[in-house]
Number of protein chains: 2
Amino acid sequence: MPSTFANSPFMRALKGEAVWPPPVWLMRQAGRYLLEYRATRAEAGSFLDLCYNPELATEVTLQPIRRYGFDAAILFADILLVPQAVGQTLTFEAGEGPVLSPPLDPEGLKSLSLDGMHDQLSPIYETVKLLRERLPHETPLIGFAGAPWTVATYMIAGRGTKAPADLRVNAYRHPGFVEALIELLTEATTAYLVRQIEAGVQAVQLFDTWAGGLPPELFQRFCVAPVAAISAALKKDYPDIPIIAFPRGAGPAYRDVAALPTIDAVGLDVSVPLQWAKEHLAPHGAIQGNLDPLALLGEEAELVRAVEAVLDGLKGAPAIFNLGHGITPEASPEAVSALLRVIRNA
Amino acid sequence: MPSTFANSPFMRALKGEAVWPPPVWLMRQAGRYLLEYRATRAEAGSFLDLCYNPELATEVTLQPIRRYGFDAAILFADILLVPQAVGQTLTFEAGEGPVLSPPLDPEGLKSLSLDGMHDQLSPIYETVKLLRERLPHETPLIGFAGAPWTVATYMIAGRGTKAPADLRVNAYRHPGFVEALIELLTEATTAYLVRQIEAGVQAVQLFDTWAGGLPPELFQRFCVAPVAAISAALKKDYPDIPIIAFPRGAGPAYRDVAALPTIDAVGLDVSVPLQWAKEHLAPHGAIQGNLDPLALLGEEAELVRAVEAVLDGLKGAPAIFNLGHGITPEASPEAVSALLRVIRNA
């Protein structure tokens, strides 16, 4: 059988096979820790210029595949392109990270609309098409979007924030506003991912970076339900496209996401004990994770020990090796090579 | 039987009885949301002046007991008094929060010592004595300390930080340094809590605010093991003093803390589903939590709904009603009254 993405280790793991050694990719694998990324980023201009430039976004997506031969590529884009596409102003300020202005309030919600969304996002769909032409046949391409709760967190806080309290306060103070916003984002995210699938991605991941620290009732309403709705809508028309949910920090409530019949895999944050995940999550689908990205900044002996611990934890389950959060700009490319050596010799 | 703290609802719950309605206290119940606190704080001078002034620290500890009749009082102090007592310089800067200087490194660790610790902390022990004289007989007094991992996080970052990455990087880069620091803090914390018990507290809580987001192996070594060591040392000499651990964000690993034979109760962060806690944690001891403190900032109808959800979740278990994190300065005293009405009518 010729090697294609359909029978690649990554896709087989997502379909429930305990592939060994596990396929591996890293969140933010196309990123600042790579010299070649920094060069292309400088050529592009701003971070947003890079996102919206299909040639250069394709190039940075391919860079880690060329260098390391990861088992999957992930589209280079940003989860905040969706709020921009529905009408909020997005800028990236030096040292500040992303700024969405003005911070969304009930009045501002009225001016948002999905009407011009696909025009604004068409360069992203173009990047997907180019990538599918230029990637090795055997390398699946992952599309992605932010999950509604996480995107709403940024929209309401207005800027990258480590303490996403603003949206939670709104959920108690203006529950109707938060419901309407989550509904709009659920629709927009579904439409965005449909276009990514039509353009050629083999799987999608929903990043719910701020799903942690939520009371169970809010988690069910605003994290589980929208992810269930988006994945059900996608599965209806694209039953063969696996969907990975990454509800970072969900704790014991990871079970509720893994158990969704339309979710094929869950991405695990660094804190999830893999024995627990094998027992409670793997019966529902694949597990993906969860090396601490900071382990890439330490002594090599500690890194090897940490990678081996994750491998031990994943063994026997349908599993994909990944980090528990994005790789940091401070990681060295050599540390990534060391990580891959350990995995590939497993 | 006369009403004393020994047969108070709080102590009975900690001994495994499913008291109903549950006893209630709130983390940071002596704090800025109360006008009378702000007045005493202004009288004291700086925040640290207040911590080290037994008369005024006693006063602010008593204020929420007078106003609301909470089922337990908690000593007014700060978890960063311990690093100061072992030799790091602590200041509170306006708008900055606490600053420990210089940020601790392997060289700085050598200059820390437990020798002058109790002299520095003697006003705290004096506060405990005054409180035990002045509190109602039936109101137990909770002593506390930060757990070693959390205190170390601040010591290494140098300032209040929302992203406690520095200590984790050190754990991979200088594991011997982190081990030695955790060991020193385990010893200091034990000695500090022994003195609080000798001075008159009825229970102690270990705050491990930054226990979340840690890889399981680091969590076991640097959160579970030190808490096990401290609680075992205390139980040896004070078997009747209940110990509450609060490993915020521990997720499924809450089980490992609850299962420690020397831990009587676990404080739950807002994200822990109470059905899960009843099944997996309550068999090992009491559960305490976990209303979202931000629910106190919302519409009263939403607050009532949130309080009722927590009550439903706690029912049937040995349980103490609390927040899942400290009350915020923005909470209104009236919202706390509403919360108590719902609980006391349960």
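Every value quoted in this text rests on a predicted model; they were computed, and no experiment measured them. (Residues numbered from 1 in each chain as written. Chains lettered and ligands numbered in written order. Predicted model: local features only at pLDDT ≥ 70, side-chain atom pairs only at ≥ 80, totals over all residues. Heavy atoms only, no water.)

*Asks:* Mind laying out the relation of the copies chain A and chain B, listing which residues take part and the relevant values?
*Replies:* The transformation that overlays chain A on chain B combines an axial shift of 0.0 Å with a rotation of 180°, and the residual RMSD is 0.0 Å. The operation mapping one copy onto its partner corresponds to a two-fold rotation axis. In terms of C-alpha distance to the rotation axis, chain A has A:Gly251 as its closest residue, with the C-alpha 2.0 Å off the axis. With an isologous cut-off of 70% or more, the 97% of interface residues of chain A that recur at the interface of chain B puts this contact in the isologous class. (Least-squares fit on C-alpha atoms with pLDDT ≥ 70 in both. Contact = heavy atoms within 4.5 Å.)

*Asks:* Describe the sheet that holds strand E8 (residues 286-291) of chain A, with residues and values.
*Replies:* Residues and elements named next belong to chain A. Taken in spatial order, the seven strands of this open sheet run E1-E4-E5-E6-E7-E8-E9, and their pairing is parallel. Bordering the open sheet on either side are strand E1 (73-74) and strand E9 (319-323), each of which pairs with just one other strand. By the bridge criterion, five bridges tie strand E4 (residues 141-146) to strand E5 (residues 203-208) in an arrangement that is parallel. Residue pairing across strands places Gly-146 opposite Phe-207, the latter belonging to E5. Relative to E4, helix H10 (residues 175-199) is tilted by about 165°, and along the sheet it contacts E4 and E5. Where helix H11 (residues 216-237) meets the sheet, its contacts fall on E5 and strand E6 (243-247), and the angle it forms with E6 comes to roughly 170°. (Pairing = 2+ DSSP bridges. Helix = DSSP H or I, 4+ residues; strand = E, 2+ residues; numbered from the N terminus. Axes fitted to C-alpha atoms, helices over the stretch in contact; angles between N-to-C directions.)

*Asks:* An account of empty space enclosed by the protein is requested, with residue identities and associated values reported.
*Replies:* All names here are of chain A. If you walk through the whole model with that rule in mind, you get five cavities of 30 Å³ or more. If you add up the space inside the largest cavity, you get close to 60 Å³. Around the largest cavity, the lining residues are Leu-206, Asp-208, Phe-219, Cys-223, Val-224, Val-227, Ala-245, Phe-246, Pro-247 and Val-257. Those elements that place two or more of their residues in the lining of the largest cavity are E5, H11 and E6. (1 Å grid on protein atoms, 1.4 Å probe; cavity = no way out; pocket = protein on both sides within 12 Å on 5 of 7 lines; lining within 4 Å. Points joined across faces, edges and corners; volume = space filled by probe spheres on them.)

*Asks:* Describe in detail the interface of chain A and chain B, supporting the description with residues and values.
*Replies:* In this complex, chain A contributes 33 residues to the contact, which on the side of chain B involves 32 residues. For the chain A and chain B pair, buried surface summed over both sides reaches about 3000 Å², with 62% attributable to carbon and sulfur atoms. When the area that chain A buries against chain B is broken down by residue, the three leading residues are A:Tyr172, A:Pro252 and A:Leu294, summing to 21%. The interface formed by chain A and chain B contains four salt bridges. Counting every contact that joins chain A to chain B gives eight residue pairs in polar contact (both at pLDDT 80 or more). Contributing elements (two or more residues each) for the side of chain A that touches chain B: helix H9 (165-173), H11 and helix H14 (300-314) of chain A. Broken down by element, the side of chain A that touches chain B gets its largest block of residues, six residues, from H9(A). The residue inventory of the side of chain A that touches chain B, partitioned by class, reads 19 nonpolar, four polar and 10 charged. (Buried area = accessible area lost by both parts, 1.4 Å probe. Salt bridge = Lys/Arg side-chain N within 4 Å of Asp/Glu carboxyl O. Polar contact = N/O pair within 3.5 Å; in protein donor to acceptor, adjacent residues only side chain to side chain. Nonpolar A, V, L, I, M, F, W, Y, C, P; charged D, E, K, R; others polar.)

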